[in-house]
Amino acid sequence: MAKRSILQKVRIVFIALSVLCLIVAILFLRQFVTTDDTSSMTGPVYKGKVQYRVLLIASYNSQYYTFTPQIEGLRESFDPNGIDLDVVCMDAKKHSSAKDIEIFHDFFVQRVNLDKDYDGVMLADDEAVKFAMQYKDELFSDIPIVFYGVNNLTTAQMAVERYGMNGYYENDYLIDTIKLAMKLMPDRKKYYGIHDNSPAGIADMVQFNRLKRNSTNDYEFHEINVADMQFEKFEKKLQEIPKDAVVIYMTCFTDRDNNVHSTNEMTNIIVSNTNVPVLRNYLSGNIDGILASFGLDFTFLCKTAANDMINLLNGKPIGHEKLIVDSNNNNAEFDYSLLNKYGIDEKDLPENAVIFNKPLTFIDMYGNIFPTMGMIFLSMVFLLGAVYITVLLGKLSNQELMESKTELEKSQEKLRYQAEHDDFLDILNRRTAVDYLRDNLTIKNVYSILMIDIDNFKDVNETYGHQIADEILKYLSVTLERISAQRDWMIARYGGDEFLIMVPKEQLEEDSATINEILELFRTPIPVGDETIIMSCSVGISVSDGATLPDQHIINSEIAMYEAKLRGRNKAFKYSDEIKKKVREENKIKAKILEAFDNDGFFMLYQPQIDVKTKEVTGFEALVRMKAEGLYPNVFIPIIESSGWIGRLGRVTTELVIKQLAAWRDMGYTLKPVSINYSSNQLGDTGYVDFVKELLSRYNISGEYVEIEITEGLFLERTEQAERLFTQFKELGIKLLMDDFGTGYSSLGYLTYIPVDFVKVDKSFVDSYLVDGKEAFMQDVIRLVHDIDKQVIIEGVEEKWQFEKLRTYGADKIQGYYFSKPVKPEEAIVFDASDK
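Parameters and conventions
- Residues numbered from 1 in each chain as written.
- Predicted model: local features only at pLDDT ≥ 70, side-chain atom pairs only at ≥ 80, totals over all residues.
- Heavy atoms only, no water.
- Core = buried A, V, L, I, M, F, W, Y, C linked by side-chain atoms within 4.5 Å.
- Buried < 20%, exposed > 50% of the residue type's maximum accessible area, 1.4 Å probe, protein only.
- Contact = heavy atoms within 4.5 Å.
- Salt bridge = Lys/Arg side-chain N within 4 Å of Asp/Glu carboxyl O.
- Helix = DSSP H or I, 4+ residues; strand = E, 2+ residues; numbered from the N terminus.
- Axes fitted to C-alpha atoms, helices over the stretch in contact; angles between N-to-C directions.
- Parallel < 35°, antiparallel > 145°, perpendicular 65-115°, else oblique.
- Left-handed = near helix turned anticlockwise from the far one by under 90°.
- Nonpolar A, V, L, I, M, F, W, Y, C, P; charged D, E, K, R; others polar.
- Pairing = 2+ DSSP bridges.
- pLDDT = per-residue confidence, 0-100.
- Expected span 1.5 Å × (residues − 1).
- Arc of directions from axis to C-beta.
- Right-handed = clockwise from strand over helix to strand, strands pointing away.

Asks: Would you mind showing me how to read the nonpolar core here?
Replies: Across soluble globular proteins, nonpolar side chains have a tendency to be buried as a group. Formed by 77 residues in total, the largest nonpolar core has its most connected members in Ile593, Phe602, Ile708 and Leu806. Residues within four places of Ile708 in sequence aside, it is in contact with Ile676, Tyr678, Tyr688, Phe729, Ile734, Lys735, Leu736 and Leu737. Ranked by size, the runner-up nonpolar core spans 51 residues in total, among them Phe67, Tyr191, Ala306 and Leu313.

Asks: Can you help me understand the pattern of salt bridges in this one?
Replies: Between side chains of opposite charge, pairing is possible as soon as their charged atoms come close. As enumerated under the stated definition, the model contains 38 salt bridges in all. In this structure, Arg648 and Asp598 form a salt bridge, with 2.9 Å as the shortest nitrogen-oxygen distance. You can see Arg648 sitting in helix H23 (residues 646-666) and its partner Asp598 sitting in helix H21 (residues 577-598), a full 50 residues away along the chain. On the basis of relative accessibility, which here comes to 38%, the residue Arg648 falls in the partly exposed class. One salt bridge in this structure joins Arg698 and Glu694, with 2.8 Å as the shortest N-O distance. Highlighted residues: Arg698 and Glu694, both in helix H24 (residues 688-699), separated by four residues, approximately one helical turn. Of the residues examined, Arg698 reaches a relative accessible area of 44% and is grouped as partly exposed. Through salt bridges with shared partners, one network takes in Arg431, Asp435, Arg438 and Asp551.

Asks: Quick question: what am I supposed to make of the packing of helix H28 (residues 775-787) against helix H29 (residues 800-809) here?
Replies: At a closest axis distance of 9 Å, the pairing of H28 and H29 adopts a crossing angle of 50°. When the axis of H28 is compared with that of H29, the two are oblique. Once H28 is placed against H29, the crossing between them reads as right-handed. On H29, the residues that touch Glu775, Met778, Gln779 and Ile782 of H28 are Lys805, Leu806 and Tyr809. Considered class by class, the residues forming the contact of H28 with H29 number four nonpolar, one polar and two charged.

Asks: Got a minute to help me understand the sheet that holds strand S16 (residues 498-504) in this structure?
Replies: Note: strands within a sheet are paired through backbone hydrogen bonds, in either parallel or antiparallel orientation. Reading across from one edge, S15-S16-S14-S19-S20 is the order of the five strands in this open sheet, with mixed pairing throughout. The open sheet is flanked by strand S15 (490-493) and strand S20 (572-574), the only strands paired with a single partner. With strand direction ignored, the average angle separating the axes of adjacent strands in the sheet is 20°. Here strand S19 (residues 537-543) runs beside S20; their pairing, made up of three bridges, is parallel.

Asks: Would you take a moment to explain the confidence of the model for the protein chain for this structure?
Replies: Caution is warranted with low-pLDDT regions, since their predicted coordinates should not be read in detail. In the predicted model, the protein chain carries a mean pLDDT of 87, and 94% of its residues have values of at least 70. Across residues 35-42, where pLDDT falls below 50, the model places zero contacts with residues more than four positions away in sequence or in other chains.

Asks: Please explain helix H9 (residues 199-214) as it appears in this structure.
Replies: It helps to recall that an α-helix has 3.6 residues per turn; residues three or four apart then point in one direction. For H9, spanning 16 residues, the distance from its first C-alpha to its last is 23 Å, which sits close to the expected 22 Å at 1.5 Å a residue. Regarding H9, the residues found buried are Ala200, Gly201, Asp204, Met205, Phe208, Asn209 and Leu211. All buried residues of H9 fall inside an arc of 170° around its axis, so they share one side.

Asks: Help me understand the pairing of strand S7 (residues 220-225), please; the structure alone is not making it clear to me.
Replies: The side chains of a regular strand alternate between the sheet's two faces. Two elements, strand S6 (residues 190-195) and S7, share six bridges in a ladder whose sense is parallel. Note that in S7 the partner of Lys190 across the bridge is Glu220. The parallel pair S6 and S7, bridged by H9, forms a crossover whose chirality is right-handed.

Asks: What is the right way to look at H24 in this model?
Replies: Between its terminal C-alpha atoms H24 stretches 17 Å, which fits the 16 Å expected from twelve residues at 1.5 Å a residue. Within the span of H24, buried status applies to Tyr688, Val689, Phe691, Val692, Leu695, Leu696 and Tyr699. The buried residues of H24 occupy an angular sector of 160° when the element is viewed end-on, so they sit on one face. Of the exposed residues in H24, the ones pointing more than 90 degrees away from its buried face are Asp690, Lys693 and Ser697. For H24, the elements touching its buried residues are H23, strand S23 (674-678), strand S24 (706-711) and helix H26 (720-731). At the exit of H24 stands Asn700, carrying a positive phi of roughly 55°.

Below is the structure:
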């Protein structure tokens, strides 16, 4: 009786669902066949009195390709709120000289009365913002200003911080565009970037060259500067581009004669003279011939900026920071016909991709009726379900009894499996692996133990986050597990990013094919979203010798792995007696270092820094030395860093320097700033700044006499901890120096936003570029650093001719053996370079 009641209730439910689906199908059908004639593609129309008047000052003219979407975005916000918009164009693409700006100023003063006619000002692009900053007191002293589309981050920051504006910085998405091309067309390794000498073109070129320097040797990067050649030569240059290349169509509208070409004109020239994929790092507006364009949605950006102006006019907060650096409103557009031509799958495109020139499919034409048909189909399914439900319930009872027994057995097996395997990577864990080796290997077996550690995996965690890092770890684990299963290896997770592998019946060497295969596996680029991450690993090898137990081989392989890391990472190293000897030697040095820490075993030398124009000593760099004989910096500093003592050494050297400054002062000498080297490994010493502050107070030394030298890598990381450290140094009056410029990233682009006062050019950079044929690059570097209001210190100057050239190039300070080697404090404070 109970079973009958249940079946009847289930049947009623299925019938009710069937009827409901039919009703929904009718509603869908009614919506499909009904047309709402009252709908409109435009927003609500404001019919009241004009509330405010806003003036837009556009840097370029109304023919510029972003002008129309800008106006559309502004009006989407202004029109419904009763705000009138007027526009005045500077036409700075053609008229950007100081005289042109002055003429525009006179025209503006004569024709525009801001105080009388307008309540707010919108600024489009860099030249308009520069104009408003230049004449802020005269023309824009008491009126709200919102800008957008500024390409120069320094200009945007200055407009906000010094001139009280609000606005949006424009990201040109060049790097994203190139990485998208690399993802979609991995077989194409040659990239040609087309640009001009405009500010936007130069900014694109700088990013293009940065990617060129940071890319693998598989890729080739070539520049084509339209401002350096006649158009006939430009067309010929385009025709010479190989068919397996990719063209990156950057800002390139101004030719050698300063003629400005339209987007359509330049696109036609590029497309008609090439037969390769062409991508733009700006939205092109569905222009034929462009495979893909990646850039800002100017309509959305301007609508957002207009909303900020509305809030300001109404006395309301804008609800976010005054300067928005990344507005996250980029779009990607693709030409369907070109996607097919170059064999690109739509599934590989970004989620927000817009595809134009795509023919309508059956789904596009008839997709609206699918919901109706689906509801009818579901209605029939529910009716059939009501028929078969009785049979299904009868079988379900027997099935549940069998499943309960099977589930119990699976639970026991699962608990055993979880105890032996790593929860995340699903391979053997450390304890199980060690037990396995103990139980299955004897001293008579032939085998190799490999300890594999991912190089710099901490940086991946900090840069991309733990989720991406975990995905990479999982990918590498799965690949290693597959190889291990094919070759009967044992694999286990030994630590966070460490793998333990036992290779049976082989005694591997550092150059064995198996080792090279493992190294290459970790070097294989790993795609993560729109980016590709290239990893590497260090491998330690310990082979059976007929005497050593498996437990000791594990320890030996770990020691060998750390030796591989010390030798530069991305390689393998086999355990040997030499390592034992090296470990003993390092232990002796460590003992001397610890003794030096405890017994005043360090002292400082000071190398003078000379003003290029006056030859006066302007400061010193402090360099640490050990009193123990034969222990030079290249020996003891790496050991201190690898042992985790660099924070302790940093405090010792800092106190020695500040104490020396106090001694010089007490002897009556005029103090000069002394720079102290700061290692990125010192970030862990969170109390360092308080330590410096206490020393300055104890010895009564002003922070202006202490400078901190930091390598460029720490500036580039831009972690919250590093940013806070820089701010704390600045609050103490301590200047920051970028050390070793020219040995790492060597990009001038990021110098515009990092809080550095001096840039120290490394000796290797001087040796490479202060030579015939390359001096112009050195001169350009000095000039560009000066352009961003920073000073240049050149290190490693050893010859008079080097000094003379650098003086003519405008270098600020010189440091090197031409003037003086690092000397003792009593020699440094009285050093005189005037006789050089």
